[in-house]
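Coordinates in review
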Amino acid sequence: MWVFEIVDTAAQGTLDAAFGLRAWTTEEPWTIVTAPFMHANFSHLVSNSVPFLVLGGLVALSGLSRFLWTTAIVAGVSGIGVWLFSTPGTLTVGASGLIFGYFGYTVLRGIIERKTVDIVIMICVIIFYGTMIFGVLPQQTGVSWQAHLFGFLGGLLAAYVLPKRTADHRGYRGYGGGYGQGYGYGISRF
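A brief look at the structure comes next.

Of note, tryptophan 24 is a non-glycine position whose phi angle comes to about 65°, a positive value. Summarising the element assignment, tryptophan 24 is placed in the loop between β1 (21-22) and α3 (31-34). On the accessibility criterion, tryptophan 24 (45% relative accessible area) is partly exposed. One non-glycine residue, arginine 114, adopts positive backbone phi at about 55°.

Here is the structure:
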């Protein structure tokens, strides 16, 4: 995202215009997945970077496949929500839909998995990021509450539809469990 913003700034916003999501425009449906990686300016990017790394990192702790599937589900739900519920022609860019999705995922995953590590992560996320839930409401012009709301819903959906991790004795154990003990993630699992 930082490389894209450097290039976009040098190109005077042409990347945002080309890869951002325009509501109700059908010519470029692929922008649903590219818009989260574009940002309006460096201030916007800076405000998204730390929560993206922290919350995305927490999702990634459960495995690369689960992280990629969660990201795809969140980007899709958030993008479709923005496309449908924003004013026609509105250009939306930014990773906040993913951030809200990772937030929703980590919270619901703690409830679904009922494993100590998931519950601890859920509690920490609520303590440190819980107030961001208010961002799903329309508050400020120029801030896409639609991306926030539908990203959050996408995170809940991902936590619900991706299968629970099961105990087995193969593969990487995630969450620092090493090899040979704890909960396993087989190749075919998320």
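Here we take up a nonpolar patch on the surface. Residues Trp2, Ile6, Phe42 and Val46 make up a contiguous nonpolar surface patch of roughly 380 Å² in combined accessible area. Listed by contribution, the elements that provide at least two residues to the nonpolar patch are α1 (2-10) and α4 (42-60).

Taken as a whole and judged by the stated rule, the model has two salt bridges. The partner of arginine 109 in a salt bridge is glutamate 113, and the shortest N-O contact between them spans 2.4 Å. Of this pair, arginine 109 and glutamate 113 both sit in helix α6 (residues 96-113), four residues apart, which is roughly one turn of the helix. Note on accessibility: arginine 109 and glutamate 113 belong to one class, buried. Here glutamate 113 and lysine 115 are joined by a salt bridge, their closest N and O atoms 2.7 Å apart. A residue is classified by how much of its surface remains accessible, and lysine 115, at 13% relative accessible area, is buried. When salt bridges with common partners are traced through the structure, they connect Arg109, Glu113 and Lys115 into a single cluster.

Rules behind the numbers
- Residues numbered from 1 in each chain as written.
- Predicted model: local features only at pLDDT ≥ 70, side-chain atom pairs only at ≥ 80, totals over all residues.
- Heavy atoms only, no water.
- Helix = DSSP H or I, 4+ residues; strand = E, 2+ residues; numbered from the N terminus.
- Buried < 20%, exposed > 50% of the residue type's maximum accessible area, 1.4 Å probe, protein only.
- Patch = residues over 30% accessible without salt bridge, like charges linked within 9 Å, V, L, I, M, F, W, Y side chains within 5 Å.
- Areas by Shrake-Rupley, 256 points an atom, 1.4 Å probe, with all protein chains shown as cover.
- Salt bridge = Lys/Arg side-chain N within 4 Å of Asp/Glu carboxyl O.

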